[in-house]
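Residue-level structure breakdown
Below are the chains, spelled out letter by letter.
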Amino acid sequence: MASFTERMVPVLVLWLAVCLAETWAVDRGNFKTCDQSAFCKRQRALKPGESPYRALLETMELTNTRLTLQLINDNNKVRLLLELYRLQGNITRVKINELKPLKPRYEVPDVLIREPPTEPLSLLSQDENGVVLSLGSESQRVIISARPFRLDIMEGSDVLMSLNSRGLLTFEHLRMRKDTFSYKVTSTVASVWDNIKRVFSSQADPEAEKKEEADPANQAETTKEEEEKVEDGMWEETFKSHSDSKPNGPSAISLDFSLPGVEHVYGIPEHADTLRLKTTENGDPYRLYNLDVFQYELYNPMALYGAVPVMLAHNTQRTTGIFWLNAAETWVDISSNTAGKTVFGKMLDYVQGSSETPQTDVRWISESGIIDVFLMLGPTPKDVFSQYASLTGTQSFPPLASLGYHQCRWNYNDQEDVQSVDAGFDEHDIPYDFIWLDIEHTDGKRYFTWDPHKFATPKEMLQGLMDKKRKLVAIVDPHIKVDSNYKIHNEIRSKGFYIKNKDGGDYEGWCWPGSASYPDFFRADMRAWWASMFAYDQYEGSMENMYTWNDMNEPSVFNGPEVTMHKDTVHGAWEHRDVHNLYGFYVQMATAEGLIQRSGGIERPFVLTRAFFAGSQRYGAVWTGDNAAEWDHLKISIPMCLSLGLVGISFCGADVGGFFKSPSTELLVRWYQTGAYQPFFRAHAHLDTPRREPWLFGPENTALIREAVRQRYTLLPYWYQQFYHAHRTGEPIMRPLWVEYPQDPATFAVDDEFLIGRDLLVHPVTEEGARGVTAYLPGKDTVWFDIHTFQKHNGAQNLYIPVTMSSIPVFQRGGSIIPRKVRVRRSSTCMEHDPYTLYVALNLQRTAEGELYIDDGHTFNYEKKEFIHRRLSFAKNILSSVNLAPDAQFTTRSWIERVVILGASKPSKVTLQTADGQDSQLEFDFDASMSVLTLRKPGMNAGADWTVMLQ
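Reading the values: the criteria
- Residues numbered from 1 in each chain as written.
- Predicted model: local features only at pLDDT ≥ 70, side-chain atom pairs only at ≥ 80, totals over all residues.
- Heavy atoms only, no water.
- UniProt positions renumbered as here; feature names shortened; annotations may be inferred.
- Axes fitted to C-alpha atoms, helices over the stretch in contact; angles between N-to-C directions.
- Helix = DSSP H or I, 4+ residues; strand = E, 2+ residues; numbered from the N terminus.
- Parallel < 35°, antiparallel > 145°, perpendicular 65-115°, else oblique.
- Contact = heavy atoms within 4.5 Å.
- Nonpolar A, V, L, I, M, F, W, Y, C, P; charged D, E, K, R; others polar.
- Pairing = 2+ DSSP bridges.
- Expected span 1.5 Å × (residues − 1).
- Buried < 20%, exposed > 50% of the residue type's maximum accessible area, 1.4 Å probe, protein only.
- pLDDT = per-residue confidence, 0-100.
- Core = buried A, V, L, I, M, F, W, Y, C linked by side-chain atoms within 4.5 Å.
- Disulfide = S-S within 2.5 Å.

Under the annotation held in an unreviewed UniProt entry, the protein carries the name Neutral alpha-glucosidase AB and is attributed to Amphiprion ocellaris. Of the comments in the UniProt record for the protein, the one headed Pathway (unreviewed entry) reads "Glycan metabolism; N-glycan metabolism."

Our next topic: the packing of helix α16 (residues 699–714) against helix α17 (residues 716–729). Running from amino to carboxyl end, α16 crosses α17 at an angle of 55°, the nearest separation of the two axes being 5 Å. Classified by the interaxial angle, the pair formed by α16 and α17 is oblique. Between α16, through Arg 712, Tyr 713 and Thr 714, and α17, the contact on the second element is made entirely by Leu 716, Pro 717 and Trp 719. Taken together, the residues of the contact of α16 with α17 sort by class into 4 nonpolar, 1 polar and 1 charged.

Ordered by their spatial adjacency, 3 strands build an open sheet running β25-β27-β26, and the pairing between neighbours is antiparallel. Across the chains shown, the open sheet's two edge strands, defined by having one partner strand only, are β25 (480–481) and β26 (508–511). Relative to strand β27 (residues 514–517), β25 runs antiparallel, the two being bridged by 2 bridges. Within β27, the residue paired with Ile 480 across the bridge is Ser 517.

The UniProt record marks residues 396–721 with the feature "domain: Glycoside hydrolase family 31 TIM barrel" (unreviewed entry), using the residue numbering of this structure. Counting secondary structure, residues 396–721 comes out at 34% helix and 13% strand; the distance between its end C-alpha atoms is 13 Å.

In this section: helix α13 (residues 583–598). Over its 16 residues, α13 runs 23 Å from end to end, which matches the ideal 22 Å to within 8%, given 1.5 Å per residue. Across the 16 residues that make up α13, a large majority, 14, are buried. One or two steps after α13, the chain reaches Gly 600, where phi turns positive at roughly 70°.

We now examine the packing of helix α14 (residues 631–646) against helix α15 (residues 665–675). Packing of α14 against α15 brings their axes to within 10 Å, and their N-to-C directions diverge by 5°. Here α14 is positioned roughly parallel relative to α15, judged by the angle of their axes. Where α14 approaches α15, its residues Trp 631, His 633, Leu 634 and Ser 637 are matched on the opposing element by Glu 666, Leu 667, Arg 670, Trp 671 and Thr 674. A breakdown of the residues in the contact of α14 with α15 according to their chemical character gives 4 nonpolar, 3 polar and 2 charged.

With numbering aligned to this structure, UniProt lists the feature "domain: Glycosyl hydrolase family 31 C-terminal" (unreviewed entry) at residues 730–818. Taken end to end, residues 730–818 comprises 4% helix and 38% strand; its first and last C-alpha atoms sit 21 Å apart.

To continue, consider the environment of Ala 611. By the secondary structure assignment, Ala 611 is in the loop between β31 (607–609) and β32 (621–623). Residues Ala 611 and Asn 553 lie 58 residues apart in sequence; the distance between their C-alpha atoms is 5.6 Å. If sequence neighbours within four positions are ignored, Ala 611 has contacts with Asn 290, Tyr 305, Asn 553, Glu 554 and Gly 584.

Moving on, we come to the confidence of the model for the protein. The predicted model of the protein has a mean per-residue pLDDT of 92, with 90% of residues at 70 or higher. Low pLDDT (under 50) marks residues 181–214, which in the prediction has 11 contacts with non-local residues, meaning those over four places away or in another chain. Below a pLDDT of 50 lies the segment residues 216–228, which in the model reaches 34 contacts outside its immediate sequence neighbourhood of four places, other chains included.

Core analysis: the biggest nonpolar cluster contains 160 residues, and Phe 323, Trp 530, Leu 582, Tyr 672 and Tyr 677 have the highest contact counts within it. It is α13 that provides the largest number of residues to this core, a total of 9 residues. Apart from the residues within four sequence positions on either side, Tyr 677 is in contact with Gln 711, Arg 712, Leu 715, Trp 719, Phe 754, Ile 756, Val 762, Ile 787, Ile 808 and Val 810. Ala 55, Leu 71, Leu 277 and Ala 307 belong to the second largest nonpolar core, which has 50 residues in total.

All chains considered together, the criterion is met by 2 disulfides. Each disulfide pairs two cysteine sulfurs, and for Cys 34 the partner residue is Cys 40, the sulfurs being separated by 2.0 Å. Classification of the bridge connecting Cys 34 and Cys 40 rests on its S-S torsion, roughly -100°, and on that basis the disulfide is left-handed. Between the sulfur atoms of Cys 641 and its disulfide partner Cys 652 the distance amounts to 2.1 Å. Every disulfide takes its handedness from the sign of the S-S torsion; for Cys 641 and Cys 652 that torsion is -75°, giving left-handed. Here Cys 652 lies in strand β33 (residues 652–653) and Cys 641 lies in helix α14, a separation of 11 residues in the sequence.

Next up, the structure:
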């Protein structure tokens, strides 16, 4: 039996969390600014100017696959090794490391899906000032300037991107600390010691001194100049009550990038900010450092739960990307020569002939590791998505059910509560697919267990859900309760799998269970063991309709610095500071692998993670964390998910209704209407908030929420098709308008509306009391159809749309065909064999195209070509379905029960011709006022060849 102290620990932790929650605001004092982060402050103090780095051209070596070249810092004679690769797909890779480091510096593993294949580099010219290399065509080349070192990528006469053009390359080399004697050398004694050294060095052989200085083997020693510049925070740093020992000393790296012609940059999530990144000259840089930030503030560059060090730059001519592959704490500074100028000011510059070429300058600063950067040269947005996907992989292809609606709160109390909520959805005719259990379902916050009283028969509960073709998600966090009676803890400890503190013992911190230790997911053997714990015979009470949620995996440590792990904890040969942003990536990786293994590799997993890094898209979904029931939090969910989609993570959503606080009924309804059109659709709430199941706000609001959820379910075929496309190409599902309209500057900063794929445009209502919204409909020669009224609107205009509480402004692009399933049932699985309705929206040329993708919805059999993929097209009054994958084999019971053609003319007759040559006349209705033609009950199988002719 647990002691009183053991029983009280979780209670105290929960009490602390609730007390914090009642403040309803982030305590910014818990998180560092750049000035409080020693390496950021140190690097940011360096101003643009002439770089001390020089390229030693005589050291250049060029092979078929790479160029190597030494750089020297003329101030301290430390040498670096530059490696340059031309990669397949119009990508250039630049690596910079110490030539002879005192010890290895961390290079990020496992994020790249393979060693990127290279293409030949060729030397075009060389002299004492620099080198010119070809990047595969005469028009695209790399110019390396020697003094100071600078790298430019050009196409024709245009500079696409410059590295170190502002002279901000910095590489703090590893060195021995000079005050590591048997006693601590005080600053006074150190000063005397310096004077003694100066006396002796003045008597030394000058030639020998020069040779020693030039020998790169001696570069790890601290130079005289550096000894005089030792600053606070280089060898030890304190934040609040926490001390960081920094045994390796200063190790920061920095590099600047200039982007001529660019005014708009995007990406580097996660931040609660606008889609278009802002300049940072008058504030902090954007920070990338995975943190458990309590009810985050909006519109600032503070770090949040995840970090993807990828930035996209866009103008009307080109899209490029920068992927900074570094897992340490990173800050990103952005400046622009047009920042703050109004449109009028820019026009005045033009009229006066004084306009300068717009340019954005970006500087990346990381605490440790090496410079390993991939320059993705586009030229189109979709080229950049493909280039990034070739490096880190694409969005995992999820089970179709996970695209339905998810119902969650902290916490559903017990099995009876779960059954009651499940029955409530049926009673109120609202579909859903997943119900979720937060931390209270466990036995005392011991993950992989169940509360023996509240969830005594979990399989019975899961079977009840399975009987209705529904599923459950249970939380499994990576902090493990320190308890000798807990099997999971004992196994991890006995195998030595916990992260170690700087003294070699198991690291312990406080989280939900009280005292907890943290598995070292950087170990492949630890990840394999963790995956094995999801086997049905290991995870008691689990079944095949149960999936997993990884929360708190930044990692969150309640009593740690910045609510996370101490940087001087140890993962084998590496400090936590080197690897921090990868922790959540590895937790989700191991969990997803466990769900795959438990089914013998047959079933696709579903894993939600809060923390993430580049490559996390391969393992599941993310959400935007602990938001609040406020209108601004509803608004910010759009640019936050758009930013994630741009860097490969398409499966994104926000807690519908807001996690903290209680939403008004208007806000709750509007949030459901917005969430229904975002990739991950889940309602969630804090345990201290009143219950908010969809039917608790009166019949009128229940009906509004029901309609929003039903709209989601009718569009599941289109959503699923978009996920398949994202899985194949790396293109985002929820995407900014400029991705599809890259030459329209009016789209570049739009982040209150978005596209789903190419063909649906959504402008959610996110203003309290709104009576109308203004949506920008892009495309000069494009038409858009309101999906609810079928009214047609021309593109390239700002359209004012009157709205009521039932309004969700959504438009289908003219020229597209979208499949829907209009028979909504209690879950997506119940709709598996239901028929399709095709919505054909004609463009000005009276043509349209679309696709239909069908597979079993849950296994990896699609990789074995077990699917249906068809091209739907309308041209010259003929609608047809053609097989896009003739080598694939799959059958479906679904059929086409209706075709709705928008922008049509009335035919005299409609003829269906099937693959066997049979012709039949189809019934149809025509609404002349809206130019809508409806073909009723054509009846052809969804996987068959067919043609419909309008005459």
